[in-house]
Amino acid sequence: MRKLYNKYLTVFACGLFLTLPIASCKKDHNTPVPVVTAAAPLAKLGLYELDSSIYKRVIIQITKIGTKTVNYGSVFDTGSAGMTIDATGILPASMITSSGITVPGDSVVVNGITVTSQEAVIAFGNAQSELQEYGNLAYTTITIGNQNGNITTGRIPIFLYYKIVDVTTGQTQAAHSNDIFGVGPGVSFANSAIGSPLSYFSPKNGGISGFKLATLNSSMFSTSGTYVSGLLTIGLVPSDVSPSSGFVMHSLTYNTLGGYSPDIPSTITYNGQSIAATVLFDTGTPAISTIENPNAKNNIIQLPNNTSVTLTTNNGFTYSYNTTSTNNLTQIAKPSFTGDPRTIFSINFFVDNEFLINYQTHEIGLKNN
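Parameters and conventions
- Residues numbered from 1 in each chain as written.
- Predicted model: local features only at pLDDT ≥ 70, side-chain atom pairs only at ≥ 80, totals over all residues.
- Heavy atoms only, no water.
- Phe/Tyr/Trp six-rings, centres within 6.5 Å; stacked < 30°, edge-to-face > 60°.
- Helix = DSSP H or I, 4+ residues; strand = E, 2+ residues; numbered from the N terminus.
- Buried < 20%, exposed > 50% of the residue type's maximum accessible area, 1.4 Å probe, protein only.
- Core = buried A, V, L, I, M, F, W, Y, C linked by side-chain atoms within 4.5 Å.
- Contact = heavy atoms within 4.5 Å.
- Pairing = 2+ DSSP bridges.
- Polar contact = N/O pair within 3.5 Å; in protein donor to acceptor, adjacent residues only side chain to side chain.

> An account of the packing of aromatic side chains is needed here, citing residue identities and associated values.
The tally for this structure, following the rule as stated, stands at 15 aromatic pairs. Seen in terms of ring centroids, Phe281 and Phe349 are 4.5 Å apart; in terms of plane orientation they differ by 40°. Their pairing is tilted. With Phe281 in strand S20 (residues 273–281) and Phe349 in helix H4 (residues 349–352), this residue pair connects regions lying 68 residues apart in the sequence. Across the pair, exposure class does not vary: Phe281 and Phe349 are buried alike.

Here's what the structure looks like:
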């Protein structure tokens, strides 16, 4: 959803001195052996699967920000980096104006949240459909999840926005209508201090910084949002990224703007033609996948029902699907029209495939299911 524009000494010693009484070695064997705790995930959380017609969202619950107890749902977004959330209901109303958040001096602490005077605009979408959030860099702790399981971050950077505008219409959107929980591998284009909240968790006992997203349950999407337990695993273990895990790993490229890019070089095949592509796998795109083809005949056109599409990444991960009138909707577009050269696979991809990000080694893992 991100816009493009970032170990045998004791045994040896006992065996060496065979002339010593046997009891001497026995005494050494009675020395307590340290207990080694195996690496384990930091948390397993449920997410909400929400739909409206052909549009689907996966939502993560935010239950505390700083010292303030809240109840907001944020879009779980693999296509952007960093958490953005409306300041309404979090900061005192007196601090929020139509033209900005009032911050005396360099920063102010409210409800355990340090709000800085650093302002920015974060954009989501493309040239044909863009939302812009206006706000400030802030630092605070976040509790994610609910009574079925939750975890609290340390003090991390987030983006508090006071206004969100639809660039196409110029209309200001409702408060909290675009709260985003961006878990991508890079950093925000608007402020490089802002990264995925999940990347700030410290692994333990040989664990790995990252997360794993199980396949979404296609039968659980509902208009009211259905809670599905265990979808999100925070913190990886070595077996998650081993060759036997079934995940095909892809090393990411570092850019000075935006940090490590989530885009993966691939080949897309449809209607008998193959095109080179850089692909973003985006839970934040709610319905329609977009294949960017510079040689397309039209600026943008939807593929007919029952069109076969095949994706093959540079590391050999392959995924095929057929379009229908209600699922796997796919359009072909010219980059000159959308303003974005990337091919973007929507949330439908995550119904059929598992996904992980290893923040430690800067890799994305893909796995058919």
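Here the narrative resumes, following the displayed structure.
> Explain the nonpolar core to me, using residue names and the numbers behind them.
If you look at the biggest cluster of nonpolar residues, it comprises 68 residues, and the most contacted ones within it are Phe76, Ile144, Leu160, Leu198, Phe211, Ile268 and Phe281. Those residues within four positions of Phe76 in sequence are excluded, and the remaining contacts are Val58, Ile59, Ile60, Phe181, Val183, Leu198, Phe211, Leu213, Leu232, Thr283 and Gly284. The next biggest cluster of nonpolar side chains, apart from the first, holds 11 residues, and it includes Val75, Tyr161, Ile164 and Ile180.

> Can you tell me about the environment of Gly66, naming the residues and giving the values?
In this structure, Gly66 sits in the loop between strand S2 (55–65) and strand S3 (68–77). Taking relative accessible area as the criterion, Gly66 reaches 10% and is therefore assigned buried. With 25 residues separating them along the chain, Gly66 and Pro41 place their C-alpha atoms 24 Å apart.

> Break down unusual backbone geometry for me, with residues and values.
Positive phi outside glycine occurs at Asn111, with the angle close to 55°. The backbone of Asn271 shows a phi angle near 45°, a positive value even though the residue is not glycine. Of note, Asn271 is situated in the loop between strand S19 (264–270) and S20. We classify Asn271 as exposed; its relative accessible area is 53%.

> Residue-level account of the environment of Val121, with values.
By the element assignment, Val121 lies in strand S8 (residues 113–126). Its relative accessible area of 39% is what places Val121 among the partly exposed residues. For the pair Val121 and Thr67, spaced 54 residues apart in sequence, the C-alpha separation works out to 26 Å. If near-sequence neighbours (up to four positions away) are discounted, Val121 is found in contact with Gln132, Glu133, Tyr134 and Ala190.

> Got a sec to walk through the pairing of strand S12 (residues 156–166)? Specific residues and values, please.
Successive side chains on a regular strand alternate, one facing one side of the sheet and the next facing the other. With respect to burial, S12 is a largely interior element, 10 of its 11 residues being buried. Here strand S4 (residues 81–86) pairs with S12 via 3 bridges, running parallel. When the sheet's bridge partners are listed, Thr84 is paired in S12 with Phe159. Taken together, the 10 bridges between strand S9 (residues 129–140) and S12 define a ladder with antiparallel strand orientation. Residue pairing in the sheet places Gln132 in a bridge with Val165 of S12.

> A description of the side chain of Thr330 should follow, citing residues and the corresponding values.
Note that Thr330 resides in strand S25 (residues 330–333). Assessed through its relative accessible area of 0%, Thr330 is described here as buried. A distance of 2.7 Å separates the side chain of Thr330 from the side chain of Tyr321, its partner in a polar contact. Not counting residues up to four positions away in its chain, the partners in contact with Thr330 are Ile288, Ser289, Ile291, Ile301, Gln302, Leu303, Tyr321 and Thr323.

> A description of the pairing of S2 should follow, citing residues and the corresponding values.
Across the 11 residues of S2, 8 count as buried, placing the element largely inside the fold. One ladder, built from 5 bridges, connects strand S1 (residues 43–52) with S2; its direction is antiparallel. The partner of Glu49 across the bridge, within S2, is Val58. Counted between consecutive antiparallel strands, the loop separating S1 from S2 contains 2 residues, among which Ser53 sits at a positive phi close to 60°. Of the pairings in the sheet, the one linking S2 to S3 comprises 6 bridges and is antiparallel in character.

> Kindly report on the side chain of Asn136, identifying the contributing residues and their values.
The residue Asn136 is located in strand S9 in this model. Using a relative accessible area of 1% as the deciding quantity, one classes Asn136 as buried. Within the structure, the side chain of Asn136 is placed 3.0 Å from the backbone oxygen of Thr116, a separation counted as a polar contact. Other than its neighbours up to four places away in sequence, Asn136 contacts Ile101, Val103, Val115, Thr116, Ser117, Gln118, Glu119, Ile158, Phe159 and Leu160.

> Which residues make up the environment of Ala38, and what values do they have?
Following the sequence through the fold, Ala38 ends up in the loop between helix H2 (22–29) and S1. Under the relative-accessibility criterion, Ala38 is labelled exposed at 59%. As for Ala38 and Thr226, which are separated by 188 residues in sequence, their C-alpha atoms are 33 Å apart.

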